[in-house]
Amino acid sequence: MFDNADALILARIQFAFTVSFHFIFPAFSIGLASYLAVLEGLWLKTGKSLYKDLFKYWLKIFAVAFAMGVVSGIVMSYQFGTNWSVFSDRTGPILGPLMAYEVLTAFFLEAGFLGVMLFGMNRVGKTLHFTATLMVAAGTAVSAFWILSVNSWMQTPVGYELSGNGQFLPGDSWWPIIFNPSFPYRLVHTVIAAYLTTALVVGGVGAWHLLKDKTDAHARKMFSMAMWMAALVAPVQIFAGDAHGINTLEHQPQKVMAMEGHYESHPDGAPLYLFGIPNEKEQRLDYAVGIPKLSSLILKHDLDAPLPGLDTIPDQDQPPVGVVFWSFRIMVAIGFAILGLGLWSLVARVRKKLYDWPWLHRAALVMGPAGFVAVIAGWVTTEVGRQPFTVYGLLRTANSASPLDAPAVAISLAAFAAVYLAVFGVGTWYILRLMKSPPQPGERGVKHGEKGPVRTAGITPGPVQGENVQPGGPKGRGMADREMAE
Amino acid sequence: MSALYNFDLATAWAFIIAFAVFMYVVMDGFDLGIGILFPTITVGKERDAAMNSIAPVWDGNETWLVLGGGGLFAAFPLAYAVVLPATYPLIIIMLLGLVFRGVAFEFRWRDERHQTFWDFAFFGGSLAAAMAQGMILGALLQGVEVDGRAYAGSWFDWLTPYTLLTGLGTVAGYALLGSTWLIIKAQGRALDHAYRMAKPAFFVTLGLMVAVSLYTPFLEANYYSRWFTYPNVLFAAQVPLLTGIIVFALLRALVKRRTHQPFLLSLALFLLGMAGLGVSMWPHIVPPAITIWDAAAPESSQIFMLVGTAIIMPVILIYTGFAYWVFRGKTGEEGYHS
């Protein structure tokens, strides 16, 4: 009933499923951690309680999202060994140290200061608490640095030597490995994507509450900040994406061929296909609608530049075109939609109608989750576009898997699917419920009528032994404590 | 170049990974232990207090597990590539258990109507993770079938009476750590309860430790000679002798209701357990086929990481210590607004 090919495809589905699920949370927490740092910084600088309210409001949401990111991330860190053991053995000497550095410099930092950030408001002073927030934000960014270095090396491997037993060994220097050719582009593109994703969520929540009450000061502030982000950063992202595409053409041409739907070579200028249905069997794009020469213009900045197609690549080295073609288009379409939303908000702002155009707010609400879709679509484009290799051009996916029996993989895949859908479904529901009520003046981090301690700012798990941590208590921290907590 | 060079590096990394695993066992051990004991703790204030005693630190504690796995991948990729497929179902159970345990910290407060469910998830997740961890350890000790550079056994080889014993031993040991941690953090009735739970946890742990210790030397001739032949026995015998002293001191501390001693002595018990493990396994990282030198990554990889670890690890220990210091002392059952 099962054979090795089944075990391989099941392992691939399992990896795609768990990594897509996981990726949603860091994409959100990278942006949100920075947003929280900005809010707390603004509060400390201006003393306006509005910022403190927003900080505490988003901190509750961050706590839930972060917990889900952590637990799904631990799964990822073991998945390399469980399902891709041959890959692990071969690439361990190169990728292992990069991932170990991620743990040492990022995960411990995030996790170590998270407790202080969530619970420590009345236990440490303002400055220390702000420091904890900054450390958590820094941890998320450093984590992005290392994991994207790892991923980029798999896409554009350099700086290695092959040993007799098939291992990739580091060459003379680690710098080319860490800063491999696609890494800077991928890092910039992904981190900006995380910021935009978070901005859309914040903007969507702001818009939702504006639609109910356009005088709500908290909603106004959230919406305004988010729309600034969309207006200013979306163009930067499109520029960064273009640069990343050109880099990909240089190092992974077949991925670009699949993204663009170029089955055929175009010796004198390739068209940009706006629509078409990839036909893998016949190796052509059915119902193709294209703008002549535009693809050459975008990728080579020259109308007549020749672009080779998949007909120049042996069949067994071609990525699956359909998935890559469509996921790329979804990502780009959402990118331009974000730009449109940002520009629309600028027009509204110039006309002093930012809080008065319900259609703008409705659009922002609809766009709220769009960033997640774009991030996943982009991830699928780059990962499926790398197929059929795990280490591009060097190690095939089919030769990377663990020697596992298919039933073992099938059962674990079913278990992951059931647990993830249940647990993260509930988590998302809790987050949406938190978003449903607007931030309150004097936001306490605990919903009115909700009993018991909530793991969030201003709430501490119990008093310090032998020390009276009441307002105006000892050690001269009383004032700061009182202000922090309320 | 360098059999000797490599020897030092591989040995150093074996100790670093053993340290990471020990830190994990120490820190997440009491988290999981509280989860294991959760059903015995009275619903309401006492449960809330137990949860709050670990809520600010569990994230950092669990990171040591990621370091253990990540360090193994980096420093001994071959061992990583053999052990994980060999214990595949156990790893998956552990991971899913940790998923439930981890989200329960957030979810149980968010929706009171389903609090019972998330309390159960916290308990079940902790129990499953602890049991799986103990069985992984047992599976490693009883030996893993290797062919070339890959695992060669089938996917249920790990399930034996011995691994069940090590699994239960770990569950009991974590329960001991959890209850002695609660002795430090709890007050009032919850404190009485913690003392009450610590004693059975202690006796069960002791019994299972003895059983595992008696079983292990007979798993393999190597282990037997390590423990029972002269002159090895002179060195190896220190471990059970010290264990005896610790056991006595721990029992005394529990009877005299000391505050910090029971937890610290429980840690010492775990440390000795690990030392015993080291005596049995050394220098194999995957008994009986793979030594730490077979599995070692090239020295440039190991040096690159060693530099970073030497610089960063002390910093990590300092701010981890700071986080524990911030939340020192007894935990109240309820958060408060000052």
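The shown structure was predicted, so the numbers you read here are calculated from the model rather than taken from an experiment.

Cut-offs applied
Residues numbered from 1 in each chain as written. Chains lettered and ligands numbered in written order. Predicted model: local features only at pLDDT ≥ 70, side-chain atom pairs only at ≥ 80, totals over all residues. Heavy atoms only, no water. Helix = DSSP H or I, 4+ residues; strand = E, 2+ residues; numbered from the N terminus. Rg over C-alpha atoms; globule rule 2.2 N^0.38 Å. Buried < 20%, exposed > 50% of the residue type's maximum accessible area, 1.4 Å probe, protein only. Areas by Shrake-Rupley, 256 points an atom, 1.4 Å probe, with all protein chains shown as cover. Lys, Arg positive; Asp, Glu negative; His and termini not counted. Charge placed at Lys NZ, Arg CZ, Asp CG, Glu CD. Core = buried A, V, L, I, M, F, W, Y, C linked by side-chain atoms within 4.5 Å. Contact = heavy atoms within 4.5 Å. pLDDT = per-residue confidence, 0-100. Expected span 1.5 Å × (residues − 1).

Considering the overall build of chain A
Thinking step 1. In terms of helices and strands, chain A carries 14 helices and 6 strands.
Thinking step 2. Against the globule reference of 23 Å for 486 residues, chain A gives a C-alpha radius of gyration of 25 Å, in line with a compact fold.
Thinking step 3. Each principal axis of the C-alpha atoms in chain A carries an extent, and together these give about 75 × 55 × 45 Å.
Thinking step 4. Across the 486 residues that make up chain A, the buried fraction comes to 59%.
Thinking step 5. Accessible surface computed for chain A: about 18,600 Å², of which carbon and sulfur atoms make up 66%.
Thinking step 6. Chain A carries 36 positive and 33 negative side-chain charges, and their two centres are separated by 16 Å.

Structural notes on the nonpolar core
Thinking step 1. Counting residues in each nonpolar core, the largest one holds 231 residues, and the members touching the most others are A:Trp58, A:Phe62, B:Trp64 and B:Phe76.
Thinking step 2. If you tally residues by element for this core, the top one is helix α2 (residues 49–83) of chain A, at 19 residues.
Thinking step 3. Among all residues touching A:Phe62, those that are not within four sequence positions of it are A:Ser29, A:Leu32, A:Ala33, A:Leu36, A:Leu114, A:Met117 and A:Val136.
Thinking step 4. Grouped together as the second largest cluster of nonpolar side chains are 12 residues, A:Tyr273, A:Leu310, A:Val321 and A:Val324 included.

What about the side chain of A:Ser152?
Thinking step 1. Position of A:Ser152 among the secondary structure elements: in helix α4 (residues 126–155).
Thinking step 2. Once residues within four sequence positions are removed from consideration, A:Ser152 is found in contact with A:Asn180, A:Ser182, A:Phe183 and A:Arg186.

With respect to the confidence of the model for chain B
Detailed reading of the predicted coordinates is not advisable wherever pLDDT falls low.
All names here are of chain B.
Thinking step 1. Averaged over chain B, the pLDDT score is 84; the fraction of residues at 70 or greater is 94%.
Thinking step 2. Across residues 1–6 the pLDDT falls below 50, and counting only partners more than four positions away or on other chains, this stretch makes 7 contacts in the model.
Thinking step 3. Counted against residues more than four places away or in other chains, residues 333–338, with its pLDDT under 50, gives 28 contacts.
Thinking step 4. Predicted complex metrics record ipTM = 0.85 and pTM = 0.86.

Observations regarding helix α6 (residues 115–142) of chain B
All names here are of chain B.
Thinking step 1. Look at α6: 40 Å from first C-alpha to last across 28 residues, which is about the 40 Å you get at 1.5 Å a residue.
Thinking step 2. Within α6, 20 of the 28 residues are buried, which leaves it mostly tucked inside the rest of the structure.
Thinking step 3. Once α6 finishes, Gly 143 follows within two positions and takes phi at roughly 105°, a positive value.

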